[in-house]
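Coordinate inspection notes
So you can see what is in the structure, the chains are spelled out below.
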Amino acid sequence: MLSQTVLELLQDAGVQESAVLGMGVGMQGLVSEDGQKILYGKILDCTGLTVRLLEERLPFPVRFIHDAECAAELELWRKPELTDAIYLSLGAHLGGAIITNGQIQQGRTGRTGTVEHMTLVEGGRSCYCGKQGCMECYCSAEALLEPEEQLSDFFTLLRQGSEQHSLRWSQYLDHLALALNNLHMVLDCLIVLGGHIAPYLTKTDLDVLFSKVQERTAFPEQENFLLLGAQENNAVAAGAAIPFIRTFLSAI
């Protein structure tokens, strides 16, 4: 179904299949270095999935890319001066990517940047990975919201002064500040906040969050190192295309 939808999209857009460099697929899971296989896909129950199933049905190469890395790729495309940074996606699920010398780091086994499973609270809430107290359980959008609650509704009530929502927001920022301080102590660089929560963040929110980090850190700083990521729809999908584009441009 996915392959057929892609082919119909190209036809409707009047794009020749031979003009397509390839298709990047943003995935919630760890991906092999060559982008051919899902090494860990607990959320989507797709561990072991390979691109072969798609490439058999499409006339161009396919590559899986970790969704947070896709968003970080878009960040680098929009801001090439962003040479060293931590990208943190505050989406429904948490995700991260490490940018060094303008490149996204994969690590020895492809797990660099998976900050979502760093332990934040020993013996804390249960995570989908099977462990307890992960950053995912306290810093993701799902951790902020009640069941069936929408982000837009939460922030509407928060901005209207709801005491309950203000308390939940303050608690969320406390956990996020703890996580950010830990990350910044390891990598002294800018931290870019993206994902579903990012569009709702105001300068005041960033200032409050930074002050909470300052209260925790052993090395307070004057300049706020927290930045908002590119506010674009479908950032993961756009970022999934960029590796193909970079390869093409480097060959010119």
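Calculation rules
Numbers given to residues run from 1 along each chain, matching the order in which its sequence is written. Owing to the predicted nature of the model, reporting of local features is limited to residues with pLDDT of at least 70; listing and counting of side-chain atom pairs is limited to 80 or more, with chain, interface and lining totals taken over all residues. Processing note: side-chain calculations cover all non-hydrogen atoms of the structure and skip hydrogens and water entirely. Secondary structure follows DSSP: runs of H or I at least 4 residues long count as helices, runs of E at least 2 residues long count as strands, and numbering of each begins at the N terminus. Only the C-alpha atoms count toward the radius of gyration. The rule for a globule is 2.2 Å times the residue count to the power 0.38. Relative accessibility thresholds used throughout: buried, under 20% of the residue-type maximum; exposed, over 50%; partly exposed, between the two (1.4 Å probe, protein chains only). Pairs of residues are marked as contacts when any of their non-hydrogen atoms sit within 4.5 Å. Accessible areas in this description were obtained via Shrake-Rupley with a 1.4 Å probe; residue shielding takes into account the shown protein chains only. Charge convention: Lys and Arg are scored as positive, Asp and Glu as negative, and His as well as the terminal groups of each chain are ignored. The atoms used to mark charge sites are NZ of Lys, CZ of Arg, CG of Asp and CD of Glu. Centre distance within 6.5 Å is the pairing criterion for rings of Phe, Tyr and Trp, where only the six-membered ring of Trp is used; planes under 30 degrees apart are then read as stacked, over 60 as edge-to-face, and the remainder as tilted. Counted as salt bridges are all cases of a side-chain nitrogen of Lys or Arg within 4 Å of a carboxyl oxygen of Asp or Glu. Residues enter patches when they are more than 30% accessible in relative terms and free of salt bridges; like-charged ones are connected within 9 Å and nonpolar ones (Val, Leu, Ile, Met, Phe, Trp, Tyr) within 5 Å. Strands qualify as paired when DSSP identifies two bridges or more between them.

Some details on the overall build of the protein
Helix and strand counts for the protein come out as nine helices and nine strands. The C-alpha atoms of the protein give 19 Å as radius of gyration, which agrees with the globular expectation for 252 residues (18 Å, within 12%). Taken along its principal axes, the extent of the C-alpha atoms in the protein is 55 × 40 × 35 Å. Here the protein, with 252 residues, has 44% of them falling under the buried criterion. Within the protein, residue pairs in contact and separated by at least 24 positions form 59% of the contacts whose partners lie at least 6 positions apart. Carbon and sulfur atoms provide 52% of the accessible area of the protein, an area that totals close to 13,600 Å². Computed over 17 positive and 31 negative side-chain charges, the separation of the two mean positions in the protein equals 5 Å.

Concerning the packing of aromatic side chains
Pairs of aromatic rings are described using the distance from one ring centre to the other and the angle between the two planes. Going through the model one piece at a time under the given rule, you end up with six aromatic pairs. Between Trp169 and Tyr172 the ring centres are 5.5 Å apart and the planes differ by 10°, which places this aromatic pair in the stacked class. Here Tyr172 and Trp169 lie together in helix H7 (residues 163–186), a separation of three residues that amounts to about one turn. This pair shows no difference in class: Trp169 is buried, exactly as Tyr172 is. Taken together, Phe154, Phe155, Trp169, Tyr172 and Tyr200 form an aromatic cluster joined through their ring pairs.

Section: the environment of Trp169
Overall, Trp169 belongs to the buried group, its relative accessible area being 6%. When the C-alpha positions of Trp169 and Leu145 are compared, they lie 9.7 Å apart, and in sequence the two are 24 residues distant. Apart from the residues lying within four places of it in its own chain, the contact partners of Trp169 are Leu144, Phe154, Phe155, Leu158, Ile197, Leu201 and Asp205.

Re the pattern of salt bridges
For the structure on display, the rule yields nine salt bridges. A salt bridge links Arg246 to Glu73; the shortest N-O distance between them is 3.5 Å. Residue Arg246 is found in helix H9 (residues 235–250), and its partner Glu73 is found in helix H3 (residues 67–78); the two are separated by 173 residues along the sequence. Here Glu149 and Arg168 are joined by a salt bridge, their closest N and O atoms 2.5 Å apart. Placement of the pair is Glu149 in the loop between helix H5 (141–144) and helix H6 (151–159) and Arg168 in helix H7, with a sequence separation of 19 residues. Note on Arg168: relative accessible area 13%, which makes it buried. Because the salt bridges share partners, they merge into one network encompassing Arg52, Glu56 and Arg57.

Section: a nonpolar patch on the surface
On the surface, a cluster of nonpolar side chains totalling about 570 Å² of accessible area is made up of Leu21, Trp77, Ile245, Phe248, Leu249 and Ile252. Ranked by residue count, the leading element in the nonpolar patch is H9, at three residues. When its relative accessible area of 39% is taken as the criterion, Leu21 is described as partly exposed.

What to know about the pairing of strand E1 (residues 23–27)
Where burial is concerned, the two faces of E1 differ: the one with Met23, Val25 and Met27 is buried and the one with Gly24 and Gly26 is not. Bridge count between E1 and strand E4 (residues 62–66): five bridges; the pairing is parallel. Pairing of Gly24 across the sheet is with Arg63, part of E4.

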